[in-house]
Every structure is written in structure tokens, then in C-alpha cells.
Amino acid sequence: MQAFILGAGLGTRLAPLTHILPKPLMPIFQKPLIQHIMDHYIRCGVDSFIVNISCLPLMWERAFPEGTYRGCPVQFSQEEEPLDSGGGLKKIMPLLQDPTAPLLVHNGDILTDMPVAEMLAAHRAGGFKVTLGLRSVDGKKNVGYDPATGRITDMRHALGVDPGSYQFAGPYVMEPEIAAMFPAEDKFSIVPVWLELIRSGQMGGYVCDWANWHEIGSPQTYLDAVLELQSRERIHPSAVIAADADLGEDCVVGQDAHIPSGCVLDDCIVWPRTHVAPGTYRRCVITPRITVQV
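Below you will find a few notes about this structure.

Summed over the entire model, instances satisfying the criterion amount to 8 aromatic pairs. Seen in terms of ring centroids, Phe64 and Phe76 are 5.7 Å apart; in terms of plane orientation they differ by 55°. Their pairing is tilted. Of this pair, Phe64 sits in the loop between α2 (57-63) and β5 (68-69) while Phe76 sits in strand β6 (residues 72-78), and the two are 12 residues apart along the sequence. Phe76 sits in the partly exposed class, given a relative accessible area of 30%. With 5.5 Å between their ring centres and 55° between their planes, Phe182 and Phe188 make a pair best called tilted. The pair Phe182 / Phe188 is uniform in exposure class, with both members buried. Cluster of aromatic residues (ring-pair linked, three or more members): Trp60, Phe64, Tyr69 and Phe76.

Shown next as C-alpha cells:
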């Protein structure tokens, strides 16, 4: 299987952190967000990836210098400016290994362990052209869904059928043949295409409320997700921390970071290779260039 990860957004809500790194490259514990996403898909049987990128391309080259991850090829689709959710998809169609096989698509700012195999099974069982991963808790519940048929009935109330009680969770499955429905222009939203599929009963949903789910959309949601998640990798072994520095138990300290004597950190993320200035920090994301208090 092949997966496409949307990574070309500007990440304006996550600024100023996205002035340093694209959103999918933000460190979650000891590796970038996108590698957590890839790990999950590899466990589910995916063996190659496509990622669309736009800003800060040098950071992507540094993150994937060999163009692979854990033995899986990673192809990049460079966009001079973000082409939106539909345009980015249209541009990567020639890169597909098998243009007849379902394509797994994942928003690059969503960290979740929703079971891909079950979503794919629901997609195939329903004979749908697109199947969205859904949640009925949290977030923007603007997707209408009929559990009896497994079909999406409305989105953003654009069809006037259902104001929605489900949230689009970020991952979805699509048949590449829907590319025939794409408009001529290069930059466009995928939503009008989806609305056409909803009208014809060809768009399904897979609901999974029990899975872990985090949207890394702002400095606050980024910090909260990392503090909430459980991991044994909160402090990198190479980090240098003074004996009398005071770190809260939920703090995360990256590779080759330095925490000086007398420093106090509570609910903070320290990025790799960051030399923290002496002082007291609470609910901060501390990077080599800037410190953002949440």
C-alpha cells in the first residue's frame, strides 16, 4: 500500500514555530510528527510514501536525506505555493505506484492511531470512491453520516441535508479514479469533489472514537498533545541537564539540549540542540531560536 501525507500547508496557526520548521516536522518526543505518522502506517502495511511540501524545503531534505524512512521510499512533491487539499492531490497522481489501488491519505498535522485496516475494509465493503475517518467526539462536528448505510450525507451543511454530528478526523481512503472529477486548475479544494460523491452516494465513513487523536494545529494544541501522550522518551540520553535544574515530570527535552544550573522548567518542550538560558519557564516551547509561551 501507498500513503500520501499532506505536508504543504503554511501552518499559520502554529506560527512562529512554523517559521523554523514545517508543521509535520515538529518534534514529538524524539522524532518529527510525520515519522510517528509513518510508523503507524508502516505497521498497517504501507511500504511507500508521498509527501507534498512547500515552505522550508531544506528542512525536509535534512529530515529525509536518503529519500527513505525505515526502508520505505519517500517521494516529495514540491509546490511553489500550497495548492490546497485538491491541488496537492492532483499533482501527486503521476507518482502513484499503482493507479488502480486505493490510496491512503493523511493530514500532516494529525497524530492518531486510527486502525487503517478497518477503515480500508469499510471502504471496500461499501464500494465507495472515498471513505473518511470520522469521530463523534471533540472538534468540528460538521459531517453528516448515516450509520445504517455507512454513507456520508452532508459536509459543512453544504447540501442542506444534515448540519453534522461527526468530525472528519484527518485520514481517508480514496480510489485514484476520482482524479477524473478534478477541475482543470492546479489549485483547488477537494471539498467540491467530495460533495459530488456525497450526492451520488459514493462517499463513506468509518467511525472510530476510541483511537488516540491529536491535531497539532497551534502552539497550545502542540504542547498539550505532547504533555498528554505517554512516552518513555521524554528526555533524550544525549541531553545535558545540570544536577540542580528542576524539571517537571512531563517536560520533554530533545537531543543534545542543554539545561543550565538553577533552571526551572514546568510543562515545557525543549527542542533538540537548544541551549536553554537560565531562568524559570512554564508551559513553553523552547527552540534554538525562539521561546514561545503558551
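Still more to cover.
Along helix α1 (residues 33-43), 10 of the 11 residues are buried, which leaves the element largely enclosed by surrounding structure. Along α1, the residues classified as buried are Leu33, Ile34, Gln35, His36, Ile37, Met38, Asp39, His40, Tyr41 and Ile42. Phi for Gly45, located one or two positions after α1, is positive at around 105°.

In this section: unusual backbone geometry. Cis peptide bonds are those with omega within 30 degrees of zero, and the linkage from Ala15 to Pro16 qualifies with 5°. Within the secondary structure layout, Pro16 lies in the loop between β1 (2-6) and β2 (27-28). One non-glycine residue, Arg70, lies in positive phi territory at about 50°. Position of Arg70 relative to the elements: it lies in the loop between β5 and β6.

What follows covers the pairing of β6. A regular strand places its side chains so that they alternate between the two faces of the sheet. Taken together, the 5 bridges between strand β4 (residues 48-53) and β6 define a ladder with parallel strand orientation. Looking at the pairing, Val51 lines up with Phe76 of β6. The pairing of β5 with β6 spans 2 bridges and is antiparallel. Among the inter-strand pairings, Thr68 is bridged to a residue of β6, identified as Pro73.

Parameters at a glance
- Residues numbered from 1 in each chain as written.
- Predicted model: local features only at pLDDT ≥ 70, side-chain atom pairs only at ≥ 80, totals over all residues.
- Heavy atoms only, no water.
- Phe/Tyr/Trp six-rings, centres within 6.5 Å; stacked < 30°, edge-to-face > 60°.
- Helix = DSSP H or I, 4+ residues; strand = E, 2+ residues; numbered from the N terminus.
- Buried < 20%, exposed > 50% of the residue type's maximum accessible area, 1.4 Å probe, protein only.
- Pairing = 2+ DSSP bridges.

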